[in-house]
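Remarks on the overall topology
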Amino acid sequence: MTDIILHHYDTSPYSEKVRLGLGLKGLAWASVELPVIMPKPNLTALTGGYRKTPVLQIGADIYCDSQLIMRELERRYPTPSFYPAGHGAADALAWWAEKTTFSPAAGILFAKRPEVLPEGFLEDRAKFSGRNIDPAAMKAAVPNLLDQLRAHFDWLNQMLTDGRSFLQGSAASLADLAAYHPVWFLQHNFGPLAAPLDGFPRLLSWAERVAAIGHGRRSLMTSEQALDVARAATSIASATPDPQDPVGRKPGQTVTVTPDDTGRDPVIGELVASGVHEIVIRRSDSAIGEVCVHFPRAGFVVAPA
Ligand SMILES: N[C@@H](CCC(=O)N[C@@H](CS)C(=O)NCC(=O)O)C(=O)O
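Let me begin by describing the structure that accompanies this report.

Reading guide: rules and limits
Residues numbered from 1 in each chain as written. Predicted model: local features only at pLDDT ≥ 70, side-chain atom pairs only at ≥ 80, totals over all residues. Heavy atoms only, no water. Axes fitted to C-alpha atoms, helices over the stretch in contact; angles between N-to-C directions. Helix = DSSP H or I, 4+ residues; strand = E, 2+ residues; numbered from the N terminus. Parallel < 35°, antiparallel > 145°, perpendicular 65-115°, else oblique. Nonpolar A, V, L, I, M, F, W, Y, C, P; charged D, E, K, R; others polar. Salt bridge = Lys/Arg side-chain N within 4 Å of Asp/Glu carboxyl O. Buried < 20%, exposed > 50% of the residue type's maximum accessible area, 1.4 Å probe, protein only. Pairing = 2+ DSSP bridges. Contact = heavy atoms within 4.5 Å. 1 Å grid on protein atoms, 1.4 Å probe; cavity = no way out; pocket = protein on both sides within 12 Å on 5 of 7 lines; lining within 4 Å. Points joined across faces, edges and corners; volume = space filled by probe spheres on them. Near = heavy atom within 4 Å. Polar contact = N/O pair within 3.5 Å; in protein donor to acceptor, adjacent residues only side chain to side chain. Areas by Shrake-Rupley, 256 points an atom, 1.4 Å probe, with all protein chains shown as cover. Core = buried A, V, L, I, M, F, W, Y, C linked by side-chain atoms within 4.5 Å. Domains from an automatic or database assignment. Phe/Tyr/Trp six-rings, centres within 6.5 Å; stacked < 30°, edge-to-face > 60°. Lys NZ or Arg CZ within 6 Å of the ring centre and 35° of its normal.

With that settled, consider the packing of helix α4 (residues 89-112) against helix α7 (residues 174-190). Interaxial distance between α4 and α7 falls to 7 Å at its minimum, and their mutual angle equals 10°. As judged from the angle between their axes, α4 and α7 are roughly parallel. Class assignment of the residues belonging to the contact of α4 with α7 gives a composition of 17 nonpolar, three polar and three charged.

Turning to the pattern of salt bridges, a few remarks are in order. Applying the stated rule across the entire model yields 18 salt bridges. Residue K99 is joined to D261 by a salt bridge in which the shortest nitrogen-to-oxygen separation is 3.2 Å. Placement of K99 in helix α4 and of D261 in the loop between β6 (254-259) and β7 (267-274) is noted, with a sequence separation of 162 residues between them. Taking the shortest distance from any N to any O, the salt bridge between R113 and E115 comes out at 3.4 Å. Here E115 falls in the exposed class, since its relative accessible area comes to 58%.

Spatially, the ten strands line up as an open sheet ordered β5-β2-β1-β3-β4-β9-β8-β7-β6-β10, and their pairing is mixed. Because the sheet does not close on itself, it has two edges, and the strands there are β5 (217-220) and β10 (300-304). Each strand axis lies, on average, 35° off the axis of its neighbour in the sheet, ignoring direction. Pairing geometry for strand β2 (residues 28-33) and β5, over four bridges, is parallel. Bridge assignment links A30 to a residue of β5, and that residue is S219. Packing against the sheet, helix α3 (residues 66-76) makes contact with β3 (55-58), β4 (61-64) and β9 (289-295), and its axis sits at approximately 130° to β4.

On to the side chain of S274. Topologically, S274 is positioned in strand β7. Setting aside residues up to four positions removed in sequence, S274 forms contacts with T240, D242, D245, I279 and R297.

To continue, consider the layout of surface pockets. Taking a probe equal in size to a water molecule and rolling it over the atoms shows the remaining empty space. Approximately 260 Å³ is the volume found for the second largest pocket. Considering the residues around the second largest pocket, the lining is formed by 18 residues, among which T240, A273, E278, V280 and H294 are closest to the centre. Contributing elements (two or more residues each) for the lining of the second largest pocket: α3 and β7.

In the region of the ligand, 14 residues are neighbours, and K40, R51, T53, D65 and S66 sit closest. In this structure, D65 approaches the ligand through a side-chain N or O atom, which is 2.8 Å from a nitrogen atom. Considered on its own, the ligand offers 500 Å² of accessible surface; in the complex 93% of this is hidden by protein. Elements supplying a minimum of two residues to the shell around the ligand: α1 (13-24) and α5 (121-129). Class assignment for the residues of the shell around the ligand results in six nonpolar, three polar and five charged.

Now for the side chain of T258. Mapped onto the fold, T258 is located in strand β6. Here T258 is in contact with R264, D265, P266, G299, F300 and V301, once residues within four sequence places are set aside.

Below, the discussion takes up the nonpolar core. Among the nonpolar cores identified, the biggest contains 57 residues, and L73, F153 and W206 are the most heavily contacted of them. Those elements giving two or more residues to this core turn out to be β1 (4-8), α1, β3, α3, α4, α6 (135-159), α7 and α8 (201-211). Split by domain, the residues of this core number at least three in each of domain 1 (4-80 + 218-304) and domain 2 (92-209). In terms of nonpolar packing, the next biggest core, distinct from the first, is built from 24 residues, A60, V257, I288 and V293 among them.

Any aromatic ring pair is given by two values, namely how distant the centres are and how the planes are angled relative to each other. Across all of its chains, the model carries seven aromatic pairs by this definition. Plain terms: the ring middles of W96 and W155 are 6.2 Å apart, the flat faces sit at 50° to each other, and that makes the pair tilted. In this pair, W96 sits in helix α4 while W155 sits in helix α6, placing the two residues 59 residues apart along the sequence. Between F110 and F121, the aromatic rings sit 5.1 Å apart at their centres with planes inclined by 75°, giving edge-to-face as the arrangement. Here the residue F110 occupies a position in helix α4, and F121 occupies one in helix α5, the gap between them amounting to eleven residues. An identical accessibility class is assigned to F110 and F121; each is buried. One aromatic cluster in this structure is built from Y50, F295 and F300. Seen from the ring of W95, K99 lies directly overhead, with NZ or CZ sitting 4.6 Å from the centre. One residue, R125, lies across the ring of F128, its end atom 5.7 Å from the ring centre.

Structural data, given as structure tokens:
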């Protein structure tokens, strides 16, 4: 039995980052398969409305966003570390790589292989992104998306020029897992030499090394079983004020937490703990009772409710 439950779907790049993180740490985990488009009632019962993929659940603690999921895995399972070359640079590299390469990689797939997308997918992603999705405009954007990816992939490729195995040295770090998942997504959908990866042999060998990390030990769980786990558990979070909070937020206040980019569904709850990189809110759901939902701070808006 494992306590780690990952809500995800196989084709999700951000989930691939977390699956590799579980692999790097050699962990066993339960896999709950999420629908690719809304509705996701058994996920939003846990999160309070957050709909993105992936979400990590451990008992009655729900961790939203792969940034925070990786942070929590590192806290609970520090060895081997996601930070063999230290914190800061790895986090910043991860942020840059994802923010610049995920969306062009996804855009290329949506434009070039609409036949692999499930019914209702583009309408769902239009709501998710808040942008109108026009197939002709998507197709017209492909050359620029390839140019952008090529420029960013070249920077990654250059980091490997001295023959190092991974971006920060001889051991894989968070930066590798984050930079890899858009590469994986392109390879997965267009083959191992997908453009614009074909111009970067060092990057291609690096991608093979990252893929070899694997996913750890996966078992299957239904979303109903995951709700049962939450119902039977008690959160580990306890009231922790942040003396340096820039606007004096305090445990007990009611707040909303909302992603600042896509899937901007606010989650409302009572602030339990917060700090530079995490905020925890408590909420109740008739199906599962009380849970604590954890979010990162970078990329999320916290507002009084
Ligand atoms: N910043 C988020 C991004 C997650 C994200 O955008 N995931 C995509 C799938 S890879 C998503 O949620 N798509 C819409 C959906 O699955 O409902 C994270 O790091 O987890």
